[in-house]
Amino acid sequence: MYPLTKLYARKLYRQKLIYIFFACFFTASFFYAFLISTPQMEEMLNINIGIVGRKNFPEFMMRFYAGTVGILFNVFLLTLFICEEDRNKMLYQPLLHGEKRSRMIRSKIHVAVSMSMIFVLLVALINYITAFMRWGYEIFEQAAFIRTIIKYLLSGIYMSVITLGIVTLCICTRSAWKTIFFVIIYLLADQFIYSSNLTLLQKIWAGYYLNLWTFAYEYQKIPFGGLLIGIAIMILYGIAFFQISLYRTQKINF
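Residues numbered from 1 in each chain as written. Predicted model: local features only at pLDDT ≥ 70, side-chain atom pairs only at ≥ 80, totals over all residues. Heavy atoms only, no water.

Some remarks on the overall build of the protein
Rules: Under the DSSP-based scheme used, a helix requires at least four consecutive residues in state H or I and a strand at least two consecutive residues in state E, with every element numbered from the N terminus. We call a residue buried when its accessible area falls under 20% of the maximum for its residue type, exposed when it is over 50%, and partly exposed in between, using a 1.4 Å probe and counting protein chains only. In this analysis, two residues are considered to be in contact whenever any of their non-hydrogen atoms come within 4.5 Å of each other.
Counting its secondary structure elements, the protein contains 12 helices and zero strands. Traced from its N-terminal end to its C-terminal end, the protein shows the element sequence α-α-α-α-α-α-α-α-α-α-α-α. The buried share of the protein, taken over its 254 residues, is 47%. When contacts within the protein are restricted to residue pairs at least 6 apart in sequence, long-range pairs at least 24 apart make up 77% of them.

Below, the structure is given as structure tokens:
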């Protein structure tokens, strides 16, 4: 499976969209770090630079990626990676040297999930670079640094689960536009569930935990019990998406 995984990784990372995204994100982070610290903007935005800046800036900026931007970026990239190959009849057909469908889709899933985790870590790196350029070594204050890195890692786990869900949608719908449509519906439902009083639904909704950690516990330590429950729920979703992807791949009949 390793040669296939390596082949698909090379193909994915040749997408120019990846590098355009990171160039834009670095530029946005860079200018925002300097913009919010000006007295005029601090007064205009009604913010406290002591809270959203300095050591808290990398965590503050995480909300822009993990909440919606990262998911939308992933869905556009993955629909190119999955649905386009399906349209060209290249996704499910065995290779000439006898590779099976399941091995091919497993390799694609490995690449997609790895991509999600790497992207989140790169976003964290970008935010720390821009924060360091503005506030120096203060951003590495031990407690804040450890807390923020943990939250980025949790965001990476969540984005990996969402990636598995997007791959599953691509395989089930076999349509880029349908996949994008369902992901947008998910984002709307995610915000509704987080802000609602539907306690039972919140407890089994994977996105609720990331919103909770990102917003309710922003600049705070996440309770250990809630951390374990959230990770367990996400892992269950990930396993379900993975198995559905493999099952649907085997059932496709040209």
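Examining the state of the cysteines
We count it as follows: The rule for a disulfide is simple: a pair of cysteine sulfur atoms within 2.5 Å.
As enumerated under the stated definition, the model contains zero disulfides in all. The thiol sulfur of C172 is not disulfide-bonded, and the nearest other cysteine sulfur, from C170, lies at 9.6 Å.

Side note on the packing of helix α11 (residues 206–216) against helix α12 (residues 224–251)
The condition is simple: Only the stretch in contact is used when fitting a helix axis, every axis being a line fitted to C-alpha atoms; angles between N-to-C directions are given from 0 to 180 degrees. In this scheme the crossing of two helices becomes right-handed for a clockwise turn of the near helix relative to the far one and left-handed for an anticlockwise turn of less than a right angle. In the scheme used here, Gly and all other residues not listed as nonpolar or charged are polar, with Ala, Val, Leu, Ile, Met, Phe, Trp, Tyr, Cys and Pro taken as nonpolar and Asp, Glu, Lys and Arg as charged.
For the pair α11 and α12, the least separation of the axes is 8 Å and the interaxial angle reads 145 degrees. Judged by the twist between their axes, the crossing of α11 over α12 is left-handed. Between α11 and α12, the residues in contact are A206, Y209, L210 and W213 and G226, L227, I229, G230, I231, I233, M234 and Y237, respectively. Counted by class, the contact of α11 with α12 contains 10 nonpolar, two polar and no charged residues.

Observations concerning helix α8 (residues 142–173)
Residues spaced three or four apart along an α-helix face the same direction, because each turn holds 3.6 residues. Condition: The span one expects for a helix is its residue count, reduced by one, times 1.5 Å.
Across its 32 residues, α8 extends 46 Å between first and last C-alpha, which sits within 8% of the 46 Å expected from 1.5 Å per residue. Among the residues trailing α8, R174 stands out with phi positive, at a value near 55 degrees.

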